[in-house]
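Inside the fold
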Amino acid sequence: MLAERIRRVSPSATLEISAKAKEMKARGEDVINLSAGEPDFPPPEEATEEVCRAVRKGYGRYTASQGIEELRSAIAEKLRRENGIECTPEQVIVTPGAKMAIYAAVMVLVDPGDEVLIPEPWWVSYPAMVELAEGRAVYVPTKEEEGFRLTPEAVGERITSKTKVLILNTPCNPTGAVMREQELRGIAELCQDHGIYVISDEIYEYMVYDGARHVSIGSFDGMEELCITVNGFSKSYCMTGWRIGYAAGKEEIIKAMTRLQAHSVSNVTTFVQHAGIKALGADMRLMLDEFDRRRRYMVEELRKMPGVRCIMPEGAFYVFPNFSAYGGDSKKLAMYLLEEAKVATVPGAAFGREGHLRLSYAVCKGAIAEGLSRIRSALEGLEHESDSPRCI
Ligand code: PMP
Ligand code: GLU
């Protein structure tokens, strides 16, 4: 019954596991959810006030598919001021989440058979999007001992005459890696030499720690025509369910994405677009400082667990510890932790990297402490119960 294109695509592991944990909680089970990529802070007060005001003012009609001019201007100004990207409001599209911006960019750039470079580990939806566009995902490995940062050399080795697009994600979900300017410059040079488009997913741009600096590849000379910069409000402003994100790039590409949006979702909810103007630039320092504290706490606690290796991530709000001493089957381990310890995590396999689990620290400190203590006890249980210690 179902079309071939959707049969090839599996469900989103991150959304699925998070939904399962929420469901168990609703049934009264005492689940600690470390799987969700969703900040536990409220959205900025000015955005909440504006959304109510906008509804009352009757801002509920269709808007231009590309998004309201006022918001696109504010985004263009933000990109100029904070990211060093020069663009006009005509080069900006407002989408229902960054996810739709990436999807639309893939759909308008990738023809069947085109190759799309995706750094591994990857965020779960990139391969699915490429699959839906009938492109071919080509994975570019990163090394744990290099902090999972993508190198120009690894990218260069996988470029062929069919390479059309590179999807970049810095800071990275799930590893927390933050690309250095020098590495990005090397990659930009390769893209220019080979005419490769870059979809730069910068949704975690504000979540950088230990002096790491977020750099936008779209700000480099020569990338104006090649880079589509994607960002959104879900993480920076805790507006996950509001569904609002955006992309900026060459006008011809943005207009094509607008055509796709016009024939699929029409426009982002009108009153949410108005609230977006107020959210931009809101002060989220308290949240970011708290994430930083939780990050260090989580890594310290994980490192105390026997057999667990964990690099200190420089960005986003995830840690990606290595549990391969426990057998290497991350799905089995995540399921064991969910059933035995009632702690939800995302298996590394969902991101293309076995042996790891992704844990989010965008949840309150109490839940993190309890979750980690349960994981620790559950792992001890494994050592005692198994014939070959540390294996499941
Ligand atoms: N990119 C990355 C790397 C993500 O983790 C997410 C998850 N929220 C998205 C894009 C999509 O975000 P949204 O659609 O909620 O803006
Ligand atoms: N991006 C978040 C995550 O990786 C939210 C879920 C999703 O959109 O995939 O957990």
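Description of the structure in this document. All figures in this text were calculated on a predicted structure; none of them were measured in a lab. (Residues numbered from 1 in each chain as written. Chains lettered and ligands numbered in written order. Predicted model: local features only at pLDDT ≥ 70, side-chain atom pairs only at ≥ 80, totals over all residues. Heavy atoms only, no water.)

As for the site of ligand 1
- Close contacts around ligand 1 come from 14 residues, with Ala 98, Asn 173, Asp 201, Ser 234 and Lys 235 the closest.
- Within the contact set of ligand 1, an oxygen atom lies 2.6 Å away from a side-chain nitrogen or oxygen of Ser 234.
- Calculation on ligand 1 without its partners gives an accessible area of 390 Å², and the protein chains cover 93% of this total.
- Here the shell around ligand 1 gets three residues from one element, more than from any other, and that element is helix α5 (residues 98-109).
- Here the residues of the shell around ligand 1 sort into six nonpolar, four polar and four charged. (Near = heavy atom within 4 Å. Polar contact = N/O pair within 3.5 Å; in protein donor to acceptor, adjacent residues only side chain to side chain. Areas by Shrake-Rupley, 256 points an atom, 1.4 Å probe, with all protein chains shown as cover. Helix = DSSP H or I, 4+ residues; strand = E, 2+ residues; numbered from the N terminus. Nonpolar A, V, L, I, M, F, W, Y, C, P; charged D, E, K, R; others polar.)

Some words on the sheet that holds strand β9 (residues 318-319)
- Strand order in the open sheet made by the three strands is β9-β12-β11, with antiparallel pairing throughout. Of all strands in the sheet, those with a lone pairing partner are β9 and β11 (346-347), marking the two edges.
- Together, β11 and β12 (357-360) form the strand contacts of helix α12 (residues 330-341), whose direction differs from that of β12 by roughly 45 degrees. (Pairing = 2+ DSSP bridges. Contact = heavy atoms within 4.5 Å. Axes fitted to C-alpha atoms, helices over the stretch in contact; angles between N-to-C directions.)

With respect to the pattern of salt bridges
- According to the stated counting rule, one finds 37 salt bridges in the structure shown.
- With its nearest N and O atoms 3.8 Å apart, the salt bridge here joins Arg 81 to Glu 82.
- Two residues, Glu 314 and Arg 180, come together in a salt bridge whose shortest N-O distance is 2.9 Å. One end of the pair, Glu 314, is in the loop between α11 (285-303) and β9; the other, Arg 180, is in the loop between β5 (163-169) and α8 (181-194), and 134 residues separate them in sequence.
- Here the salt bridges do not stand alone but share partners, grouping Glu 77, Lys 78, Arg 80, Arg 81, Glu 82 and Glu 205 into one network. (Salt bridge = Lys/Arg side-chain N within 4 Å of Asp/Glu carboxyl O.)

Regarding a nonpolar patch on the surface
- Together, Met 1, Leu 2 and Ile 6 make up an exposed nonpolar region whose accessible area comes to about 400 Å².
- Along the chain, Met 1 turns up in the segment before α1 (4-7).
- Residue Met 1 is classed as exposed on the basis of its relative accessible area of 98%. (Patch = residues over 30% accessible without salt bridge, like charges linked within 9 Å, V, L, I, M, F, W, Y side chains within 5 Å. Buried < 20%, exposed > 50% of the residue type's maximum accessible area, 1.4 Å probe, protein only.)

So, the site of ligand 2
- Ser 12, Thr 14, Leu 15, Gly 37, Lys 99, Trp 123, Asn 173, Lys 235, Tyr 318 and Arg 358 make up every residue found near ligand 2.
- Between ligand 2 and Thr 14, the relevant distance is 2.7 Å, taken from an oxygen atom to a side-chain nitrogen or oxygen of the residue.
- Here an oxygen atom of ligand 2 sits 3.0 Å away from a polar atom, N or O, in the side chain of Asn 173.
- About the coverage of ligand 2: the protein hides 87% of its 280 Å² of free accessible area.
- Of the residues assigned to the shell around ligand 2, the class counts are three nonpolar, four polar and three charged.

Let's talk about the pairing of strand β3 (residues 115-120)
- Of all six residues that make up β3, six are buried, and the element is covered over most of its length.
- The alternating pattern of β3 places Glu 115, Leu 117 and Pro 119 and Val 116, Ile 118 and Glu 120 on opposite faces, both of which are buried.
- As paired elements, β3 and strand β4 (residues 136-141) share six bridges and run parallel to each other. Bridge pairing in β4 places Glu 115 opposite Arg 136.

Things to note about helix α10 (residues 270-279)
- Of all the 10 residues making up α10, seven are buried; the element is thus mostly covered by neighbouring parts of the structure.
- Here α10 has its buried residues at Thr 270, Val 272, Gln 273, His 274, Ala 275, Gly 276 and Ala 279.
- Note on α10: the residue one or two positions beyond its end, Gly 281, has a positive phi of about 90 degrees.

Thoughts on the pairing of strand β7 (residues 227-232)
- For β7, a buried count of six out of six residues is recorded, marking the element as mostly surrounded by other parts of the structure.
- The two faces of β7 match: Cys 227, Thr 229 and Asn 231 on one face and Ile 228, Val 230 and Gly 232 on the other face are all buried.
- Across four bridges, the pairing between strand β6 (residues 197-201) and β7 is parallel. For Val 198, the partnering residue across the bridge sits in β7 and is Cys 227.
- Inspection of the sheet shows β7 paired to strand β8 (residues 245-248) by four bridges, in the antiparallel sense. Paired with Gly 232 across the strands is Gly 245, a residue of β8.

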